[in-house]
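If you want the building blocks of each chain, they are given just below.
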Amino acid sequence: MKKFGFATVVFAVLLFIVSPSSSQSSPTEELEGTLEIMVATNLRQKECQTLYSIKVGKERIPFDLPARPPPNLSSGQKIKIAGRWNESDGKKSFKSRKIEPVTSAFAPVIKKAMVSADDVSLYLPEQKPVLGEIKILVVCVNSPDTKDTSPSWDRETIEDKISSNKHSLEAYWKACALDNDTGESKIWFSVTILEGWREMPKSLSEYGYGSYEELNRNQKFREDMISLLDPEVDFSLYDGLIVFRAGKNWAYDWSSLGKVPLSTDEGEVEISASFLTENDMEIENDYAAHETGHGFFSLGHSHSKSTSNGKIYDYGDWWENRGKQYALLDNLHKWVLGWLSIDQIKIVTSSGNFWLDQRELASGGIKLLVIILGFDEYGNPILFYFEYHRGLGEF
């Protein structure tokens, strides 16, 4: 099993008002559009890669971030970028040198003076609560070359994975979102399943199956899939899309970072999308939980920093699903999503003895100790945080 977690991770997609130049030495161009972000998980190397695209009408064009992008980028933001077109092996991409906000989403963060811990929220990451019902569509897709070998999953098999089993995807996220006062979850799923397989128009090889070409062709896969499903699906009815792809040898799982705009028969619809493999249908497999953490909840990864050499390790947190273990979400992530009360967080400003309640227990005590190390150049807090984790229950 793999894992991943908290760190400010940026991912994107944009709308354009200029057409690309074909020359590799093209002049600087300015493009304005909507940011979309996709995260691809390399299933062999257990690494993640962030993909940025610019949406021009119904077309998405990949681009590279500049060396110093603005902080806290997220899907759906309106931005303006300046840069040049690059061409390599017949493929074009946009190399941006500057990104500027078009909306107030990039309003500068005011640095906070560390003079008091009276207002704990000043020293914590910005909250982006996800509460209540999450409406999900689940679909299984195969291809002309896999239609005769696709698993014979029935509705019960899919329900088991998504919502009915004690190890289901919904059971995991409801356990993460447990209200410490009521013992009830702060989120729940409403699931619609398209029974049977939907056949994509091309063979898997044409989507880069089993190779690194999957990254370059994932947009075409997504576009073909939307066209395939549009006659029978109203995408505007859902918050999230989960797609199981036939085939055991896909090189990547991938997901949007939060909701992204999709062009459908109902117009442009904002929806999260997570693309899994047939291996991920196994009950004990946690890739579905990891990928929907990106999609449903806009979560990045939990990194670790070595105390000996200062190196930061991706997925380095060994103690939760955003890192390297199928464990419950850490309490800092829970705070961000609105699942942990401010009263259960203690800012440490002096030496002392502190009692921590276990992460997994539904209790009202302190669950997160935070030490402020400082702030970065954008005013974001740099934190040491402590919690008590011990395996309990199903996760």
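Preceding block: the structure.
Just so it is clear, the structure is predicted and the values come from calculations on it, not from any experiment.

Cut-offs applied
Each chain has its residues counted from 1, running along the sequence as written. The model is predicted, so local features are restricted to residues of pLDDT at least 70 and side-chain atom pairs to those at 80 or more, both for listing and for counting; the totals for chains, interfaces and linings are taken over all residues. The basis for the side-chain values is all heavy atoms of the structure; hydrogens and waters are excluded. Secondary structure elements follow DSSP: runs of H or I of four or more residues count as helices, runs of E of two or more count as strands, with numbering from the N terminus. Residue burial is assigned from relative accessible area. The probe radius is 1.4 Å, only protein chains are included, and a residue is buried under 20% of its type maximum, exposed over 50%, and partly exposed in between. Only heavy atoms enter the contact rule, under which two residues are in contact if any of them lie within 4.5 Å. Using a 1.4 Å probe, the Shrake-Rupley method yields the accessible areas, and only the shown protein chains count as cover for residues. Paired strands are those between which DSSP finds at least two bridges. Axis angles are defined between N-to-C directions and span 0 to 180 degrees, where every axis is a line fitted to C-alpha atoms and, for a helix, only to the segment in contact. The term salt bridge refers to a side-chain nitrogen of Lys or Arg lying within 4 Å of a carboxyl oxygen of Asp or Glu. As defined here, a cavity is a set of points on a 1 Å grid over the protein atoms alone where a 1.4 Å probe fits but cannot get out. A pocket is an open set with protein on both sides within 12 Å along at least five of seven lines, and residues line them when an atom is within 4 Å of a point. Grid points are joined across faces, edges and corners, and a volume is the space filled by probe spheres set on the points. Each residue receives one of three labels: charged for Asp, Glu, Lys and Arg, nonpolar for Ala, Val, Leu, Ile, Met, Phe, Trp, Tyr, Cys and Pro, and polar for the others, Gly being one of them.

## Overview of the overall build of the protein chain
Item 1. The helix and strand tally for the protein chain stands at 5 helices and 17 strands.
Item 2. For the protein chain, buried positions account for 51% of its 395 residues.
Item 3. Across the protein chain, contacts joining residues at least 24 apart in sequence account for 69% of those joining residues at least 6 apart.
Item 4. Summed over its atoms, the accessible surface of the protein chain is roughly 18,100 Å², and 49% of this surface lies on carbon and sulfur atoms.

## A closer look at the pairing of strand β7 (residues 132-142)
Item 1. Taken across its 11 residues, β7 has 9 buried, putting it largely inside the fold.
Item 2. When β7 meets strand β8 (residues 187-199), the two strands line up parallel, connected through 10 bridges. Bridged to Val141 within β8 is Arg198.
Item 3. Of the strand pairs in this sheet, β7 and strand β9 (residues 240-245) are connected by 6 bridges, and their pairing is parallel. Residue pairing in the sheet places Val141 in a bridge with Arg245 of β9.

## Description of the sheet that holds strand β15 (residues 345-347)
Item 1. An order of β15-β16-β17 is seen for the 3 strands of this open sheet, with the pairing classed as mixed. The open sheet is flanked by β15 and β17 (381-386), the only strands paired with a single partner. In this sheet, adjacent strand axes meet at a mean angle of 35 degrees when their direction is disregarded.
Item 2. Here β15 pairs with strand β16 (residues 368-375) via 3 bridges, running parallel. Considered in β16, the bridge of Ile347 is made with Val370.

## A word on the pattern of salt bridges
Item 1. One pass over the structure, following the stated rule, counts 12 salt bridges.
Item 2. The salt bridge partner of Arg198 is Glu232, with a shortest N-O separation of 2.7 Å. Here the residue Arg198 occupies a position in strand β8, and Glu232 occupies one in the loop between α3 (213-229) and β9, the gap between them amounting to 34 residues.
Item 3. With a relative accessible area of 42%, Glu232 lands in the partly exposed category.
Item 4. Between Arg217 and Glu213 there is a salt bridge, with the nearest N and O atoms lying 3.2 Å from each other. A residue pair is termed a helical-turn pair when its members lie 3 or 4 positions apart in one helix, as Arg217 and Glu213 do in helix α3 at 4 residues.
Item 5. In this structure Arg217 comes out as partly exposed when scored by relative accessible area, which is 30%.
Item 6. Linked by salt bridges that have partners in common, Arg155, Glu159 and Glu195 make up one network.

## A short note on empty space enclosed by the protein
Item 1. The full count for this structure, using the stated rule, is 2 cavities of 30 Å³ or more.
Item 2. Roughly 60 Å³ of internal volume is contained in the largest cavity.
Item 3. Lining the largest cavity are 13 residues, with Leu178, Asn180, Lys334, Arg359 and Lys367 sitting closest to its centre.
Item 4. For the lining of the largest cavity, the class distribution of residues is 7 nonpolar, 2 polar and 4 charged.
Item 5. Volume-wise, the second largest cavity comes out at about 40 Å³.
Item 6. As for the second largest cavity, its lining consists of Tyr207, Glu214, Arg217, Asn218, Phe221, Arg245, Trp250 and Trp254.
Item 7. In terms of residue count, the dominant contributor to the lining of the second largest cavity is α3 (4 residues).

## Things to note about helix α4 (residues 287-295)
Item 1. α4 sits mainly inside the fold: 9 of its 9 residues count as buried.
Item 2. Considered for burial, the residues of α4 that qualify are Tyr287, Ala288, Ala289, His290, Glu291, Thr292, Gly293, His294 and Gly295.

## Section: the environment of Gly183
Item 1. Its place among the elements puts Gly183 in the loop between α2 (169-176) and β8.
Item 2. Looking at Gly183, the relative accessible area reads 37%, which means it is partly exposed.
Item 3. Taking the C-alpha atoms as reference, Gly183 lies 6.2 Å from Ala362; in sequence the two are 179 residues apart.

## Description of the layout of surface pockets
Item 1. Roughly 730 Å³ of volume is contained in the second largest pocket.
Item 2. As for the second largest pocket, its lining consists of 29 residues, of which Pro62, Lys92, Ser93, Leu215 and Asn216 are closest to the centre.
Item 3. Elements supplying a minimum of two residues to the lining of the second largest pocket: β2 (29-42), β3 (47-56), β4 (59-64), β5 (78-88), β6 (91-101) and α3.
Item 4. Here the lining of the second largest pocket gets 7 residues from one element, more than from any other, and that element is α3.
Item 5. Tallied by class, residues from the lining of the second largest pocket come to 10 nonpolar, 8 polar and 11 charged.

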